[in-house]
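Close look at the chain arrangement
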Amino acid sequence: MTLSPLAGKPAPKNILVDLAQLERDYYTCQPDVEDPTQLVSFGTSGHRGSPLHGSFTEAHILAITQAICDYRRSQGTDGPLYMGKDMHALSGPAQRTALEVLAANGVETIIQRDDGVTPTPVISRAILVYNRGRKTHLADGIVVTPSHNPPEDGGFKYNPTHGGPADTDATQWVEHRANALLQGGNAGVKRLPFAAAMQAASTHQDDFLLTSPLCEFS
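Residues numbered from 1 in each chain as written. Predicted model: local features only at pLDDT ≥ 70, side-chain atom pairs only at ≥ 80, totals over all residues. Heavy atoms only, no water.

1. Concerning the nonpolar core
Core analysis: the biggest nonpolar cluster contains 39 residues, and Ile64, Met83, Ile142 and Phe156 have the highest contact counts within it. Elements with a contribution of two residues or more to this core: α1 (19-28), α2 (58-75), β2 (81-85), α3 (91-104), β4 (140-144), β5 (154-159) and α5 (168-183). Among the elements that take part in this core, α2 stands out by supplying nine residues, more than any other. In contact with isoleucine 64, other than residues within four places in its own chain, are Val40, Phe42, His47, Phe156, Val174 and Ala178. (Core = buried A, V, L, I, M, F, W, Y, C linked by side-chain atoms within 4.5 Å. Buried < 20%, exposed > 50% of the residue type's maximum accessible area, 1.4 Å probe, protein only. Helix = DSSP H or I, 4+ residues; strand = E, 2+ residues; numbered from the N terminus. Contact = heavy atoms within 4.5 Å.)

2. Thoughts on the pattern of salt bridges
It is possible for side chains of opposite charge to pair when their charged atoms get near one another. For the structure shown, the criterion picks out nine salt bridges. In this structure, arginine 73 and aspartate 70 form a salt bridge, with 2.6 Å as the shortest nitrogen-oxygen distance. Taken together, the residues span about one helical turn, with arginine 73 and aspartate 70 both in helix α2 at a distance of three residues. Salt bridges here are not isolated pairs; linked through shared partners, they connect Glu58, Glu100 and Arg191. (Salt bridge = Lys/Arg side-chain N within 4 Å of Asp/Glu carboxyl O.)

3. Considerations on the side chain of aspartate 140
Of note, aspartate 140 is situated in strand β4. Taking relative accessible area as the criterion, aspartate 140 reaches 0% and is therefore assigned buried. One polar contact links aspartate 140 to arginine 72, side chain to side chain, over a distance of 2.9 Å. There is a polar contact of 2.6 Å between the side chain of aspartate 140 and the side chain of tyrosine 158. Apart from residues no more than four positions distant in its own chain, aspartate 140 is found in contact with Arg72, Thr77, Pro80, Leu81, Tyr82, Ile127, Tyr158, Asn159, Pro160 and Thr161. (Polar contact = N/O pair within 3.5 Å; in protein donor to acceptor, adjacent residues only side chain to side chain.)

4. Remarks on the packing of α2 against α3
In contact at an axis separation of 9 Å, α2 and α3 are set at 40 degrees when each is read in the N-to-C sense. When the axes of α2 and α3 are compared, the pair comes out oblique. α3 is crossed by α2, and the crossing has right-handed handedness. The residues of α3 that touch α2, namely those facing Glu58, Ile61, Leu62, Thr65, Gln66 and Cys69, are Ala94, Thr97, Ala98, Val101 and Leu102. Residue classes in the contact of α2 with α3 are distributed as seven nonpolar, three polar and one charged. (Axes fitted to C-alpha atoms, helices over the stretch in contact; angles between N-to-C directions. Parallel < 35°, antiparallel > 145°, perpendicular 65-115°, else oblique. Left-handed = near helix turned anticlockwise from the far one by under 90°. Nonpolar A, V, L, I, M, F, W, Y, C, P; charged D, E, K, R; others polar.)

Next up, the structure:
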């Protein structure tokens, strides 16, 4: 393994990301739906990309979240959805966008209180703990993280009722539905304003960190 000459040193200014501009691009950039690289593409349970490449924008998150809502209905999943996020710059904006869609679809959603961040394994554990001994009204989750990708990237993962990464059947279903929505200008997306979504009866805040021994980000 080659060691970078920058290891252990402050990052040079020429490789730093303008985080304010990155967030503006997340909200303002519109993906080119004729370009396959700018469509929704699920890897290991989730979609990753960057506004810098037109592959991770608010339009993508609107479409993916609505697709997840539709997938849940197709599977009869009607329990709570646990949603966490990491500290990447785009994770907060993406979680807010997703909450607007989840609330509009009436999905009971539980987030870390006070806009806090949440280790990925904590969401998996929350799903498993809730579903233990249940056969109906099962929980699932979303984790907003690109894992170890660069700071300009965003990521959005779906964890179904078993708590782990979604399998290819689920990801292909969500990807296909999300791209159909995206190509239709997201006309089929249900959405509330963020303030209304936070005040919705379906939105709850909890402290995942105090209730879980897991504290490693993934």
